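# Observations on the three-dimensional arrangement
Below are the chains, spelled out letter by letter.
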Amino acid sequence: MVRLDHALRAWATASSEHSVPLKQAQQRIRRGEVSVDGTVVTEPRHQVVPGVESIACDGSPVPAGEHSFCLMHKPPGYICQRHPRDPSVYDLVPEHLRRPDLAACGRLDRDTTGMLLFATDGGVQSLLLHPTSRAVLQEDCSALRPGAQAAFEAGMQLADGLQCAPAGLEAVGASTVRVRVHEGHFHQAERCAAPGRVWSAV
């Protein structure tokens, strides 16, 4: 699900040669120019499912459009939010991939390097950033090394000398663990897995 004003703005921007301000999309909604499944909606934050619910603006259909997903290996020295002065990861996105609704899923500190996912799908962003995100072992929780939970809680020191902040690791099922980590340290879970065991995110 995405906000109606975001969906309208993405459509308006794709239909023009320049970025359409979010405020402009919100004004059109408040004026009653936008409908969802034939019913006029005047609340810009109204949640919709593009492609499932029919959205129209002044009677013209608003197509769902395709979502974009990009991966970046973030270099040091860049912040993860748009900024008028400081170097930002958005400055590194190739011109042909730039979209006003493309946003980083989470943040890494200015001097932290690592993988950073960008997406235009707000639903995916919410799922990935939800504090109850879980990892599933291919086998069962016996794949965890003895003392893995204590290592997470104390804050591990990685082989390269990086001292990680304390984090939580909780077994919540036969093959499922809940991981609560600080920004920039998503690789902690993999380092705690026994050799040869594979993790996958859900």
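Procedures and definitions
- Residues numbered from 1 in each chain as written.
- Predicted model: local features only at pLDDT ≥ 70, side-chain atom pairs only at ≥ 80, totals over all residues.
- Heavy atoms only, no water.
- Helix = DSSP H or I, 4+ residues; strand = E, 2+ residues; numbered from the N terminus.
- Buried < 20%, exposed > 50% of the residue type's maximum accessible area, 1.4 Å probe, protein only.
- Areas by Shrake-Rupley, 256 points an atom, 1.4 Å probe, with all protein chains shown as cover.
- Polar contact = N/O pair within 3.5 Å; in protein donor to acceptor, adjacent residues only side chain to side chain.
- UniProt positions renumbered as here; feature names shortened; annotations may be inferred.
- Pairing = 2+ DSSP bridges.

## What about the overall build of the protein chain?
From N to C terminus, the protein chain includes five helices and 13 strands. Taking all 202 residues of the protein chain together, 36% fall into the buried category. A total accessible area of about 12,100 Å² is found for the protein chain, and carbon and sulfur atoms account for 52% of it.

## As for unusual backbone geometry
With a phi close to 55°, Asp-37 is a non-glycine residue in the positive phi region. Positionally, Asp-37 belongs in the loop between β2 (34-36) and β3 (39-40). Notably, Asp-58 is not glycine yet its phi reads approximately 55°, a positive angle.

## Some points on the environment of Thr-120
Relative to the assigned elements, Thr-120 resides in the loop between β9 (114-119) and α3 (122-129). Residues Thr-120 and Ala-10, spaced 110 residues apart in sequence, show a C-alpha to C-alpha distance of 9.4 Å. A distance of 2.8 Å separates a polar side-chain atom of Thr-120 from the backbone nitrogen of Ser-68.

## Observations regarding the UniProt feature "domain: RNA-binding S4" (unreviewed entry) in the protein chain
Under the local residue numbering, the UniProt record ascribes the feature "domain: RNA-binding S4" (unreviewed entry) to residues 23-52. For residues 23-52, the helix share is 27%, the strand share is 23%, and the end-to-end C-alpha distance is 25 Å.

## Some remarks on the pairing of β9
As paired elements, strand β7 (residues 69-74) and β9 share six bridges and run antiparallel to each other. Within β9, the position partnered with Phe-69 by the bridge is Ala-119. Sheet topology note: the strand β8 (residues 103-104)/β9 ladder contains two bridges and is antiparallel. Bridge pairing links Ala-103 to Ala-119 in β9.

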